[in-house]
Amino acid sequence: MKTVSAVTLDAIDRKMLRALQENGRISNADLARTVNLSESACLRRLRALETEGVISRYAAIINERAVGLPISVFVTVTLSSQAEAALTAFETAVATVPEVVECYLMTGGSDYLLRLVVRDVDDLERVHSHGLTRIPGVTRVSSSVAMRTVVKRGALPV
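Bear in mind that the values here come from a model prediction, so they are computed numbers and not experimental data.

Visitor: Looking at this structure, I do not really get helix 2 (residues 28-35). What am I missing?
Guide: Each α-helix turn comprises 3.6 residues. Residues three or four places apart therefore point the same way. All of the buried residues along helix 2 are Leu31, Ala32 and Val35. Viewed end-on, helix 2 has its buried residues packed into an arc of 100°, placing them on one side of the element. Residues of helix 2 that are buried sit in contact with helix 1 (11-22) and helix 3 (39-51). Directly after helix 2, the chain includes Asn36, whose backbone phi takes a positive value near 60°.

Visitor: What is the right way to look at the packing of aromatic side chains in this model?
Guide: We describe a pair of aromatic rings using the distance from one ring centre to the other and the angle between the two ring planes. One pass over the full model with this rule turns up one aromatic pair. With a centroid separation of 4.5 Å and an interplanar angle of 35°, the aromatic rings of Phe90 and Tyr112 are classed as tilted. Residue Phe90 is located in helix 4 (residues 84-94), and its partner Tyr112 is located in strand 3 (residues 112-118); the two are separated by 22 residues in the primary sequence. Residue Phe90 is classed as buried on the basis of its relative accessible area, which comes to 0%. Take Tyr112: its relative accessible area is 1%, and that puts it in the buried class.

Visitor: Please explain the nonpolar core as it appears in this structure.
Guide: Val75, Val77, Phe90, Leu114, Leu116 and Leu132 are the most contacted members of the largest nonpolar core, which totals 19 residues. Looking at this core, the elements that each hand over two or more residues are strand 1 (71-79), helix 4, strand 3, helix 5 (121-130) and strand 4 (138-145). Non-local contacts of Leu116, meaning those with residues more than four positions away in its chain, are made with Ile71, Ser72, Val73, Val75, Glu99, Val100, Leu124, Val127 and Leu132. Core analysis: the second largest hydrophobic core is formed by 12 residues, Met16, Val35, Cys42 and Ile55 among them.

Reading guide: rules and limits
- Residues numbered from 1 in each chain as written.
- Predicted model: local features only at pLDDT ≥ 70, side-chain atom pairs only at ≥ 80, totals over all residues.
- Heavy atoms only, no water.
- Buried < 20%, exposed > 50% of the residue type's maximum accessible area, 1.4 Å probe, protein only.
- Helix = DSSP H or I, 4+ residues; strand = E, 2+ residues; numbered from the N terminus.
- Arc of directions from axis to C-beta.
- Contact = heavy atoms within 4.5 Å.
- Phe/Tyr/Trp six-rings, centres within 6.5 Å; stacked < 30°, edge-to-face > 60°.
- Core = buried A, V, L, I, M, F, W, Y, C linked by side-chain atoms within 4.5 Å.

If you want it as structure tokens, here you go:
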């Protein structure tokens, strides 16, 4: 993921981003109508937002339960070293574990916070014992299973 500096957004940019977060498949014509621009001006602004890295990609939001991955697990990982090489090695290895859908380098007591999606407890055990704990440099793994999602926003407050 590339680092992007904050971009100055005007009211029209923000309105475009809110509309796109609501419906990523909106046509340029409908988006232009929504933000009161001509289609060509709207497309120019949209391309600029993409070029500047404000819009990093377009994706479908998949219902985790509908595809058989109903359990979210939050995992903290502690490494034996915080040297750059150790961090890079962990990040490269954890990126190959498909059940890891988010990974954050953290401050505080643990080095990383992961979010996994799994089918069931057996699936969690497999990922834990055959995936995460086998990554070189991992000294501690602690898991918490989410009982219920209370808030999960797909949109940023722009």
